[in-house]
Amino acid sequence: MRIKLKECEPIGTNAYCLLNDDLKQVILVDAPLGSFEWSSEFCKKYNYELVAVLLTHGHWDHILDAHLFNEQKIPLYGHQADSLLFEQPERMMQYAIPGINIRALEINHWIETGAISVGGFSFEVFEVPGHCPGSLMFYHKDSNAAFVGDAIFAGGVGRCDLPGGDFKVLEASILNKIYTLPLDTQLYPGHGPMTTVRIERSGNPFVSIP
Ligand SMILES: [Zn+2]
Ligand SMILES: [Zn+2]
């Protein structure tokens, strides 16, 4: 798996293209503003096919381009607990940047804890609520990579003051799901730089294991 990152407007939300060079297929993790154009251009240029979009959660900054993938019949994956955010994203308008245009989207595959196989890759899916009720982590064991959305960041954790947020729940998700992955697992968050389980376990100022 080759991983490409684009940090998107307007608040620096990460989109990741996961490339399967054998199959010439691409999976996108999260659909922030500009991710549709970015991933489409890449696919056109190198003759890859975008086969799925995995959404880590339903917050507005991660789904602004999602409706464009719906129009192209590219399947979207997400967790049922965030269905209101996917179907009525205007509910989050008060937390978004004024004037931003948020469109509803349709999830084609509701997923929860378990294994999924997409784009020639097998992921273990973990529910990591606390930042958002429908927060998911996509773990790809073969490449030591976990896509964690806004559950944890390098030196930080997701905010818990938005509707459905709960720090105790987030803390349990981090301790029981993220910190139990192999120490060298690379964590790819929804904002900011990559980190590892080892670094956060010992040094994250919000949730650490002394
Ligand atoms: Zn979020
Ligand atoms: Zn975010």
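Residues numbered from 1 in each chain as written. Chains lettered and ligands numbered in written order. Predicted model: local features only at pLDDT ≥ 70, side-chain atom pairs only at ≥ 80, totals over all residues. Heavy atoms only, no water.

In this structure the tally under the stated criterion is five salt bridges. Glu71 is the partner of Arg103 in a salt bridge, and the nearest nitrogen-oxygen pair spans 3.9 Å. Of this pair, Arg103 sits in the loop between α4 (83–87) and β6 (109–110) while Glu71 is found in helix α3 (residues 66–71), placing the two residues 32 residues apart along the sequence. With a shortest N-O distance of 2.7 Å, Asp184 and Arg198 are connected by a salt bridge. Taken together, the positions of Asp184 in the loop between α5 (167–178) and β13 (186–189) and Arg198 in helix α6 (residues 197–203) put the pair 14 residues apart, joining distant regions of the chain. (Salt bridge = Lys/Arg side-chain N within 4 Å of Asp/Glu carboxyl O. Helix = DSSP H or I, 4+ residues; strand = E, 2+ residues; numbered from the N terminus.)

The biggest cluster of nonpolar side chains holds 22 residues, and the ones touching the most others in it are Val26, Val53, Leu55, Phe69, Leu76 and Leu105. Put simply, the parts of the chain that give this core at least two residues each are β2 (13–20), β3 (25–29), α1 (35–46), β4 (49–54) and α3. In this structure Leu55 touches Asp30, Ala31, His62, Ile63, Leu76, Tyr77, Gly78, Phe86, Leu105, Ile107, Leu136 and Phe138, once residues within four positions along its chain are discounted. Membership of the second largest hydrophobic core comes to 19 residues, among which are Leu18, Tyr77, Phe121 and Leu136. (Core = buried A, V, L, I, M, F, W, Y, C linked by side-chain atoms within 4.5 Å. Buried < 20%, exposed > 50% of the residue type's maximum accessible area, 1.4 Å probe, protein only. Contact = heavy atoms within 4.5 Å.)

An order of β1-β2-β3-β4-β5-β6 is seen for the six strands of this open sheet, with the pairing classed as mixed. With one partner strand each, in any of the chains shown, β1 (2–8) and β6 form the two edges of the open sheet. In this sheet, β2 lies alongside β1 in antiparallel orientation, the contact comprising seven bridges. For Glu7, the partnering residue across the bridge sits in β2 and is Asn14. Those strands touched by α1 are β1, β2, β3 and β4, and its axis lies near 20° from that of β2. (Pairing = 2+ DSSP bridges. Axes fitted to C-alpha atoms, helices over the stretch in contact; angles between N-to-C directions.)

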